[in-house]
Amino acid sequence: MRHPTTLLSAALGLGLAAALGAVPATASAADSPAAAAQPTHSAYAAYEGSAEDAKATRAFFEAVLDSVAAKRAAAPGARVVTVTYNASRAPSFRGQIARSTQVWNNSVANVRLQEGSRADFTYREGNDPRGSYASTDGRGRGYIFLDYRQNQQYDSNRVTSHETGHVLGLPDNYRGPCSELMSGGGPGPSCRNDTPNARERSRVDALWANALAAAVARAS
């Protein structure tokens, strides 16, 4: 397989691909699975909102949290929880990534996104029939993949902010309204909202406030 990740973690973005109506992009055999192996829309629909979906989101969040905690354990005096990313492998989306960073940093108080070295996760770009997704191997190495075709069909800022929401611990909810960021493409391509609502902001702050201390203790 193109992504050497576990089934649980690699599946995280599948529901988003279906909800956004992603059309398989033209790609070389090295860049995407064979057409015969592509999941069907019904398979995506069955995955979206399932227990596997929730577990995959949790796996990504915990991988990033553990990576952050290890650095916090080495510098216990740090006051701000900073999640660092590397965007060098997604140069076409630097504007969207910068916008997503600004959106989340203005929306939550207990965690901050920052581009820099010793990244806790990375952004990547390319063609993939699955569309955009977040993936982790469960060992602190996670990435967000941004698909070219999907980002042309749907609001690119919303796609990027939505996927970054997985890094911060939020699950998909495609049945939600446009005002809910994690509803992804559920409301349709006309939805351009790239900002989490009050409930999503509160959830992220609570996740980081309650989980970081335990993660630091594990990493110490």
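**Description of the state of the cysteines**
Working step 1: Following the criterion strictly, the structure yields one disulfide and no others.
Working step 2: Each sulfur in the disulfide pair C178 and C191 lies 2.1 Å from the other. Between C178 and C191, the S-S dihedral sits near 90°, and the bridge is therefore right-handed. Here C191 lies in the loop between helix 7 (156–167) and helix 8 (198–219) and C178 lies in the loop between helix 7 and helix 8, a separation of 13 residues in the sequence.
Working step 3: For C178, a relative accessible area of 27% gives the class partly exposed.
Working step 4: A relative accessible area of 5% means that C191 is categorised as buried.

**Describing the pattern of salt bridges**
Working step 1: Overall, the coordinates contain four salt bridges when judged by the stated rule.
Working step 2: The partner of R94 in a salt bridge is E115, with the nearest N and O atoms 2.9 Å apart. With R94 in helix 5 (residues 94–107) and E115 in strand 2 (residues 112–115), this residue pair connects regions lying 21 residues apart in the sequence.
Working step 3: Given the relative accessible area of 40%, R94 is considered partly exposed.
Working step 4: Its relative accessible area of 37% is what places E115 among the partly exposed residues.
Working step 5: Two residues, D155 and R192, come together in a salt bridge whose shortest N-O distance is 3.2 Å. Note that D155 is positioned in the loop between helix 6 (148–153) and helix 7 and R192 in the loop between helix 7 and helix 8, a separation of 37 residues in sequence.

**Things to note about the packing of aromatic side chains**
Working step 1: A complete count under the given rule lists six aromatic pairs for this structure.
Working step 2: With a centroid separation of 6.0 Å and an interplanar angle of 40°, the aromatic rings of Y85 and F121 are classed as tilted. Of this pair, Y85 sits in strand 1 (residues 82–89) while F121 sits in strand 3 (residues 121–126), placing them 36 residues apart in sequence. A single burial state applies to Y85 and to F121, both of which are buried.
Working step 3: Ring geometry for Y133 against Y143: centres 6.2 Å apart, planes inclined by 65°, an arrangement best described as edge-to-face. Taken as a pair, Y133 in strand 4 (residues 133–136) and Y143 in strand 5 (residues 142–147) lie far apart in primary sequence, 10 residues in all. One exposure class covers both Y133 and Y143, and it is buried.

**Describing the pairing of strand 1**
Working step 1: As defined by bridge partners, strand 1 adjoins strand 2 across four bridges and the pair is classed as parallel. Bridge pairing links T84 to Q114 in strand 2.
Working step 2: With three bridges connecting them, strand 1 and strand 3 associate as parallel partners. From the neighbouring strand, N86 faces strand 3, where its bridge partner is T122.

The rules behind each value
Residues numbered from 1 in each chain as written. Predicted model: local features only at pLDDT ≥ 70, side-chain atom pairs only at ≥ 80, totals over all residues. Heavy atoms only, no water. Disulfide = S-S within 2.5 Å. Helix = DSSP H or I, 4+ residues; strand = E, 2+ residues; numbered from the N terminus. Buried < 20%, exposed > 50% of the residue type's maximum accessible area, 1.4 Å probe, protein only. Salt bridge = Lys/Arg side-chain N within 4 Å of Asp/Glu carboxyl O. Phe/Tyr/Trp six-rings, centres within 6.5 Å; stacked < 30°, edge-to-face > 60°. Pairing = 2+ DSSP bridges.

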